[in-house]
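Observations on chain architecture
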2 protein chains.
Amino acid sequence: MRRCVKCKGEPVINLKSTNAAFCKEHFIEYFLRQVTRAIKKYKMLAGGQQVLVAVSGGKDSMALWDALLSLGYKADGLHVDLGIGDYSEGSRLVCERFAAVRGARLYVLSLVDMYGASMKEIVRRTRRVSCSVCGTVKRYLMNLVVQQKGYQVVATGHNMDDETAALLGNLMGWQEGYLARQYPHLPSTHSRLPARIKPLVRVGELETEMYCRLRGIEFFADDCPLARGATSLVYKELINSLEEKMPGTKQRFLFGFWDRGRRNFTDVPVELKGCSLCGQPTTADTCLFCRLMQKAGLDPLTQPKVREI
Amino acid sequence: MRRCVKCKGEPVINLKSTNAAFCKEHFIEYFLRQVTRAIKKYKMLAGGQQVLVAVSGGKDSMALWDALLSLGYKADGLHVDLGIGDYSEGSRLVCERFAAVRGARLYVLSLVDMYGASMKEIVRRTRRVSCSVCGTVKRYLMNLVVQQKGYQVVATGHNMDDETAALLGNLMGWQEGYLARQYPHLPSTHSRLPARIKPLVRVGELETEMYCRLRGIEFFADDCPLARGATSLVYKELINSLEEKMPGTKQRFLFGFWDRGRRNFTDVPVELKGCSLCGQPTTADTCLFCRLMQKAGLDPLTQPKVREI
């Protein structure tokens, strides 16, 4: 392997896409620079603004949380405990230990504590695609915490691979609304909804994992047992095989979309009204969360029990 | 394998994308119906209009020529002999035999006869990507024949796989102009240029091959020796692996693009002027064909020697 491009020191990683090798010190510097560049380019965070990081305990969200803290942002964590056996317990413990070690604030919500049902159980009862149900529930609970605690911005750990796979999927079905809304920084569209940012869009999953390892950040490495066979994994595999054959394709595709492609798609602005059950902003009469919970025979109006660490 | 969806007869093919099996008779009927549907949907051919089919001798263009004749269109062939050894000789003979058997008109142009150089030699001398040089030269010569013989429409054998791969490639680089111009029917943009149509966009390459075999149409099966490693092959492979996992993806992607996606991209209209050397319509001072031929040390003004069969 070639030497570090910065100092000719011992390399720890060789990035094919940019054709550069880095030593430990300069890889961490590179990683943080990519996060900073994304934050600047997409105007994600104004100085001093407090941000709530959605943390699953996996490599991406842990790298994100660490990077934001390291860059001096006031970043608190929110973890939703899905109640899926060892997987969820391990994930939660990772988040709690990180918060303790770094003296960071962490909110924890437990589905089992709140609803008496795990995500596995909720998915089973709704008979819907798991990633879609889980996303809806987590987003909803996150918005409740945002309102309760007064945050204006939520950051998620979506990386370049996640975004590229989503882009390919959205293109395969030519979902114009999704294409228009796929952006690393979505401003708030309602007083009760936060802006959403994705500061990791300039780094891939190999890089978030390497960042965690080099910085000694613990993360929970198991894949979600409910996500097996998810379409997004098929798209990821496909994009990776393309990247393998033509290094740099992923970046060109994704950044080209944001720089030039996306402006061609327009989102039909929809009016948000209050859900007939819970009052949260929605485009339907009853919001998707309330409908899913009702289908699962659970009470959507259950008050969130937020544990603060 | 399941039985023919039309007559429950012996199946010869099982189309996963539409989840239908066909016997010989009903597959041929299905194939011709797809060609008819494409011609109608994209308003390709007015009744009685004579069309010039660009024939390489491969399965796609031979299936196209046969289908157009079978559907009652006046379809003449044009073959450009690239002079690449056995590959080109075999290809030319296939076209000549088809014309003889079917009593169809065929024009043949030979690069070696005209310029004293094969496509392999021309590519070598220009030091450009072979598929790009070859495409430019063939398109140019085709336009000369179109003008000499008075055709208004040229049909090419691009199938669903070709178009899907091209679409993916154009999206990977977000080439807005290419995306706007990717359509099965491009009207003429200049009095000296023909309209260009692709009547096979609703069938894949497995289907064109099966059509040839079932109809007893001879075709030259070897891949072009100059096309090895072409990027389009990488995209095809990738789309096929996606289709394998999610049957119907290819159609959804391509037809969704033409039905909804494409309208989002606009082509900047360019003024066509006469090439300073040959006078043919071009956007540059000197057209790409003339520049390539000059780079190859050949005379771009060589008169086309058209052999009519």
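Quantities reported herein were computed from a predicted structural model and do not represent experimental measurements. The residue count restarts for each chain, going from 1 along the sequence in the order it is written. The order in which chains are written sets their letters, starting at A; the order in which ligands are written sets their numbers, starting at 1. The predicted nature of this model means local features are confined to residues of pLDDT at least 70 and side-chain atom pairs, given and counted, to a pLDDT of 80 or more, with totals for whole chains, interfaces and linings taken over all residues. Water and hydrogen atoms were dropped before computing side-chain values, which therefore reflect all heavy atoms in the structure.

1. Overview of helix H5 (residues 119-126) of chain A
All names here are of chain A. For clarity, the cut-off: The rule is simple: take the accessible area with a 1.4 Å probe, protein chains only, and divide by the maximum for that residue type; under 20% is buried, over 50% is exposed, in between is partly exposed. Secondary structure is summarised from DSSP: a helix means a run of H or I of at least four residues, a strand means a run of E of at least two, and numbering begins at the N terminus for each. What the arc covers is the set of directions going from the helix axis to the C-beta atoms. When checking whether two residues touch, look at their non-hydrogen atoms; a contact exists if any pair is within 4.5 Å.
Among all positions in H5, only Met119, Ile122, Val123 and Thr126 are buried. Looking down the long axis of H5, one finds its buried residues gathered within 100° of arc, a one-sided arrangement. Along H5, exposed side chains directed more than 90 degrees from the buried face belong to Lys120 and Arg124. Contacts made by the buried residues of H5 are with helix H4 (111-115), helix H6 (130-149) and helix H12 (288-295).

2. So, the sheet that holds strand E6 (residues 153-155) of chain B
All names here are of chain B. Convention followed: Two strands form a pair only when DSSP identifies at least two bridges running between them.
With respect to topology, seven strands assemble into an open sheet ordered E7-E8-E6-E3-E4-E5-E11, the strand pairing being mixed. What marks the edges here is a single partner per strand, and that holds for strand E7 (185-186) and strand E11 (307-308). Pairing between E7 and strand E8 (residues 195-197): two bridges, direction antiparallel. Following the sheet pairing, Leu186 is matched in E8 by Arg196.

3. Details of the UniProt feature "binding site: ATP" (unreviewed entry) in chain A
All names here are of chain A. Counted only if it meets this: UniProt positions are given in the numbering used here, feature names are shortened, and annotations may be inferred rather than shown by experiment.
Look at the UniProt record and you will see "binding site: ATP" (unreviewed entry) annotated at Ala54, Val55, Ser56, Asp60, Val80, Gly157 and Asp162. Assignment of secondary structure puts Gly157 in the loop between strand E6 (153-155) and helix H7 (160-172). Note on Gly157: relative accessible area 11%, which makes it buried. Residues contacting Gly157, with those up to four places away along its chain left out, are Asp60, Ser61, Leu64, Asp162 and Leu200. Turning to its location among the elements, Asp162 is positioned in helix H7. Given a relative accessible area of 17%, Asp162 falls into the buried group.

4. Side note on the pattern of salt bridges
So the rule is basically this: We define a salt bridge as a contact between a side-chain nitrogen of Lys or Arg and a carboxyl oxygen of Asp or Glu at a distance within 4 Å.
Under the defined criterion, the tally for this structure stands at 49 salt bridges over all chains. Between A:Arg105 and A:Glu308 there is a salt bridge, with the nearest N and O atoms lying 3.3 Å from each other. With A:Arg105 in the loop between helix H3 (85-102) and strand E5 (106-110) and A:Glu308 in strand E11 (residues 307-308), this pair connects stretches of sequence that are 203 residues apart. Accessibility expressed as a relative area gives 35% for A:Arg105, which makes it partly exposed. Across the salt bridge formed by B:Lys6 and B:Glu29, the nearest N and O atoms sit 4.0 Å from each other. Of this pair, B:Lys6 sits in the segment before strand E1 (13-15) while B:Glu29 sits in helix H1 (residues 24-41), and the two are 23 residues apart along the sequence. Several salt bridges share partner residues, and in doing so they unite A:Asp76, A:Arg105, A:Lys149 and A:Glu308 into one network.

5. A closer look at the relation of the copies chain A and chain B
As a reminder of what qualifies: For this overlay, a least-squares fit was computed on C-alpha atoms, restricted to residues scoring pLDDT of at least 70 in both copies.
Overlaying chain A on chain B yields an RMSD of 0.0 Å, the required transformation being a rotation through 180° with an accompanying axial translation of 0.0 Å. Taken together, the rotation and translation relating the two chain copies correspond to the operation of a two-fold axis. When C-alpha distances to the rotation axis are compared across chain A, the minimum falls at A:Asn264, with a value of 2.7 Å. Of the interface residues in chain A, 100% have counterparts in chain B that sit at the interface too, so the contact is made through matching surfaces.

6. Regarding the interface of chain A and chain B
We count it as follows: Accessible area, probed at 1.4 Å, shrinks when two parts are joined; the buried area is that loss added up over both.
Listed as interface residues are 27 residues of chain A and, on the opposing side, 27 residues of chain B. Each partner contributes to the roughly 2,500 Å² buried at the junction of chain A and chain B, and carbon and sulfur atoms together form 65% of this total. When residues of chain A are sorted by the area they lose upon contact with chain B, A:Met172, A:Trp174 and A:Asn264 head the list and together hold 30% of the total. Taken together, the links from chain A to chain B amount to four salt bridges.

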